[in-house]
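These are the residues of each chain, in order.
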Amino acid sequence: MSPFAVREGRHGGAPAQASDDVADKNESLTEASSLREAAAAVESPSERESGSTETSNDENRLSQGSLNFPELHWIGQHHGTYIVAQADDGLYLIDQHAAHERINYEYYLHKFGNPVAASQGLIVPLTLEFTAGEATQLRECIGLFADAGVEIEPFGSQTFLVRAYPEWFPAGEEQSLLEEMADLLIEERKSINITKLREKAAIMCSCKASIKANDRLSREEGDALLARLSRCEQPYTCPHGRPIIVHLSTYQLEKMFKRVMS
């Protein structure tokens, strides 16, 4: 199975009518002929600025998320975890999971901006169980679920029924995602708001939908992932703040091999 295919969730009970239209949220990256379309899957919320001033400190440039993203060319993959690529200014190592997380995060954050429009009703509701105390706390902020496109209602003293959720939730992960969203609302009910919930939920979705370490990629899949990353608004860090890219300049490589002495 392609590492870009949708993964099955850890929890059972996914509704039979959950959308099969996965292509909209996680386009297939396995066909070389569709690389251009895959690269356009994640649109930046704003137009890119041009003419960014270069800095001699590559590490600083990367950490600031420069909009001058390099034109990367696939070389290979290291340990099924890091993409090895090159550009005119040297060698690049890309954490494939962190890169895919960034791509998916920007996609899901955009989707959560208007989740109700894509909400789908369920023939058989999903059931969420809580302790009596948790259920009481969840009722206090249950309206935020509706703002995130989730139709949920109390059913008895400790049970909640989910009757609808956005169709673009990661397939097979709906139950666990809803449970994590509920846990977040319970834990942070006094400080949570819809903006924070959407951001946290987008991070949860991106992690569940992304390729992992030790997932082998073909050249076409790697090239498509790099192309999509280049379209991101912040392509240098994942949603958790970890770096996506490590850069070794041509000068650094030459110095390491003592081709230059200064």
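Engineer: I would appreciate a short explanation of the sheet that holds strand 6 (residues 159–166) in the present structure.
Structural biologist: In any sheet, the strands associate via hydrogen bonds between backbone groups, in a parallel or an antiparallel arrangement. In spatial order, the strands read 4-6-5; together these three strands make up an open sheet with antiparallel pairing. Edge positions in the open sheet fall to strand 4 (119–129) and strand 5 (151–154), since each of these has one partner strand only. In this sheet, adjacent strand axes meet at a mean angle of 20° when their direction is disregarded. The sheet contact formed by strand 5 and strand 6 spans four bridges and is antiparallel. Its bridge partner being in strand 6, Glu153 is matched across the sheet by Leu161. With respect to the sheet, helix 6 (residues 174–187) is in contact with strand 4 and strand 6, its orientation differing from that of strand 4 by roughly 65°.

Engineer: Would you mind going over the sheet that holds strand 1 (residues 73–78) with me for this structure?
Structural biologist: The strand order across the open sheet formed by four strands is 1-2-3-7, and the pairing between neighbours is antiparallel. A strand with exactly one partner marks an edge of an open sheet, and here the two such strands are strand 1 and strand 7 (245–249). When the angles between neighbouring strand axes are averaged without regard to direction, this sheet yields 25°. Each of strand 1, strand 2 (82–87) and strand 3 (90–95) touches helix 3 (residues 96–111); the most contacted strand, strand 3, lies at about 70° to it.

Engineer: I keep staring at helix 6 and nothing clicks. Help me out?
Structural biologist: Spacing of three or four residues puts side chains on the same side of an α-helix, whose turn is 3.6 residues. Its 14 residues give helix 6 an end-to-end C-alpha distance of 20 Å, which sits within 8% of 20 Å, the value for a rise of 1.5 Å per residue. Buried residues dominate helix 6, accounting for ten of its 14 residues. Looking at the packing, one finds that the buried side of helix 6 touches strand 4, helix 4 (132–140), helix 5 (143–147), strand 6 and helix 7 (194–209).

Engineer: How do you make sense of the side chain of Ser210 when you look at a structure like this?
Structural biologist: Checked against the element boundaries, Ser210 lands in the loop between helix 7 and helix 8 (219–230). Here Ser210 falls in the buried class, since its relative accessible area comes to 0%. At 3.3 Å, the side chain of Ser210 forms a polar contact with the backbone nitrogen of Glu101.

Engineer: What is the right way to read the nonpolar core from this model?
Structural biologist: A general trend in soluble globular proteins is that nonpolar side chains are found buried together. Counting residues in each nonpolar core, the largest one holds 38 residues, and the members touching the most others are Phe145, Phe169, Leu178, Met181 and Leu197. For this core, the secondary-structure elements that each account for two or more residues are helix 3, strand 4, helix 4, helix 5, strand 6, helix 6 and helix 7. When residues of this core are assigned to their parent elements, the largest contribution, eight residues, is made by helix 7.

Engineer: Any chance you could explain unusual backbone geometry here in plain terms?
Structural biologist: Most of the time, phi is negative for any residue but glycine, and the peptide bond is trans. Phi is positive for His79, close to 55°, though the residue is something other than glycine. Considering the arrangement of structural elements, one finds His79 in the loop between strand 1 and strand 2. Given the relative accessible area of 55%, His79 is considered exposed. One non-glycine residue with positive phi stands out, namely Asn214, at about 75°. Tracing the sequence through the fold places Asn214 in the loop between helix 7 and helix 8. Its relative accessible area of 57% is what places Asn214 among the exposed residues.

Scoring rules and cut-offs
Residues numbered from 1 in each chain as written. Predicted model: local features only at pLDDT ≥ 70, side-chain atom pairs only at ≥ 80, totals over all residues. Heavy atoms only, no water. Pairing = 2+ DSSP bridges. Helix = DSSP H or I, 4+ residues; strand = E, 2+ residues; numbered from the N terminus. Axes fitted to C-alpha atoms, helices over the stretch in contact; angles between N-to-C directions. Contact = heavy atoms within 4.5 Å. Expected span 1.5 Å × (residues − 1). Buried < 20%, exposed > 50% of the residue type's maximum accessible area, 1.4 Å probe, protein only. Polar contact = N/O pair within 3.5 Å; in protein donor to acceptor, adjacent residues only side chain to side chain. Core = buried A, V, L, I, M, F, W, Y, C linked by side-chain atoms within 4.5 Å.

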